[in-house]
Amino acid sequence: MTTHWSVAVLALVVGGCTVHDSTSSRPPEPSRSGPTTEAASSPKGAETRRGRRLVKSSHKNRGPARRRASASDAGPQCAGLPAWSSERAAAEREVVALINAHRAEGARCGGRRFGPVPALSAEPRLTCAARGHSREMARSGFFDHHDLQGRSPSDRIEATGYRAMATGENISAGQATARDVVAGWMSSPGHCANIMSPNFREVGVGHHPSSDAFGHYWTQKFGRR
């Protein structure tokens, strides 16, 4: 049986750089969507909307390594969010480790080659923004870069107090493990370019389970101050 996973990407770079956008509303039947990618120049991060991207990963589900939980394992305490489980926080840390491994090696994103770039640092405010968006998608049954209040990725980052010169976002639904979601993002040129971009210095990851057919929602927030 073939499994389809929804993935969407947004690279929003503030300060006159290029904006790459492929936004997505989660469809009832994901297999009906096709990829859309648009690019535009913007002095203040203009955003385009309404596209869909589906990817399928060949990796088997493998959960993050288990270890004894401690009080600090849940990561940052985020205003307005409930306490995070140590298991979800461990998966988020594994995503950061995996993308930094790709950054250390370099990667080809579609037709574009990225050489090795410095590792991204996990940043608590970006993590809180990512967790909040994954939680809202999982609980409210939507899949989009813009939330139900109409806020953009940069709006949600700014609300945490993070003052950015550049921001980006990847979202995904359906992958049960950190390894699978990173594999899906790396196989998509737009998502891969976000992960490999030398413009970003920091990252936050949010993972939240859901009771719908997708089962898991993921958000990556990228930033540079």
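Rules and cut-offs
Residues numbered from 1 in each chain as written. Predicted model: local features only at pLDDT ≥ 70, side-chain atom pairs only at ≥ 80, totals over all residues. Heavy atoms only, no water. Buried < 20%, exposed > 50% of the residue type's maximum accessible area, 1.4 Å probe, protein only. Helix = DSSP H or I, 4+ residues; strand = E, 2+ residues; numbered from the N terminus. Pairing = 2+ DSSP bridges. Disulfide = S-S within 2.5 Å. Core = buried A, V, L, I, M, F, W, Y, C linked by side-chain atoms within 4.5 Å. Contact = heavy atoms within 4.5 Å.

K.L.:
Give me the pairing of strand β9 (residues 202–209): which residues, what numbers.
P.N.:
Among the eight residues that make up β9, seven are buried, leaving the element largely enclosed by the rest of the structure. Across two bridges, the pairing between strand β7 (residues 121–122) and β9 is parallel. Among the inter-strand pairings, A122 is bridged to a residue of β9, identified as V203. Pairing between β9 and strand β10 (residues 216–224): eight bridges, direction antiparallel. Residue P209 lies in a different strand from β10, and its bridge partner there is H216. Here β9 hands over to β10 after six residues, with G215 in that stretch at a positive phi of 80 degrees.

K.L.:
I'd love a proper account of the state of the cysteines, names of residues and values included.
P.N.:
Counted by the stated rule, this structure contains two disulfides. The disulfide bridge from C78 ends at C128, spanning 2.0 Å between sulfur atoms. Here the S-S torsion is close to -80 degrees, and the disulfide linking C78 with C128 is therefore left-handed. Remark: C128 occurs in helix α2 (residues 124–140) and C78 occurs in the loop between β4 (54–55) and α1 (86–105); sequence separation between them is 50 residues. Residue C109 pairs covalently with C192 via a disulfide, S to S 2.0 Å. With the S-S dihedral at roughly -60 degrees, the linkage between C109 and C192 falls on the left-handed side. Highlighted residues: C109 in strand β5 (residues 107–109) and C192 in helix α5 (residues 189–196), separated in sequence by 83 residues. On the basis of relative accessible area, C109 is assigned to the buried category, the value being 5%. Look at the protein and number its bonded cysteines as they come in the sequence; the links are 1-3, 2-4.

K.L.:
Would you mind going over the nonpolar core in detail, with residue names and values included?
P.N.:
If you look at the biggest cluster of nonpolar residues, it comprises 24 residues, and the most contacted ones within it are V95 and M196. Secondary structure elements with two or more residues in this core: α1, β5, α4 (178–186), α5, β9 and β10. Beyond its immediate sequence surroundings of up to four residues, V95 is in contact with A178, V181, V182, W185, V205, W218 and Q220. Within the second largest apolar cluster, eight residues are counted, among which are M137, A138, A173 and F214.

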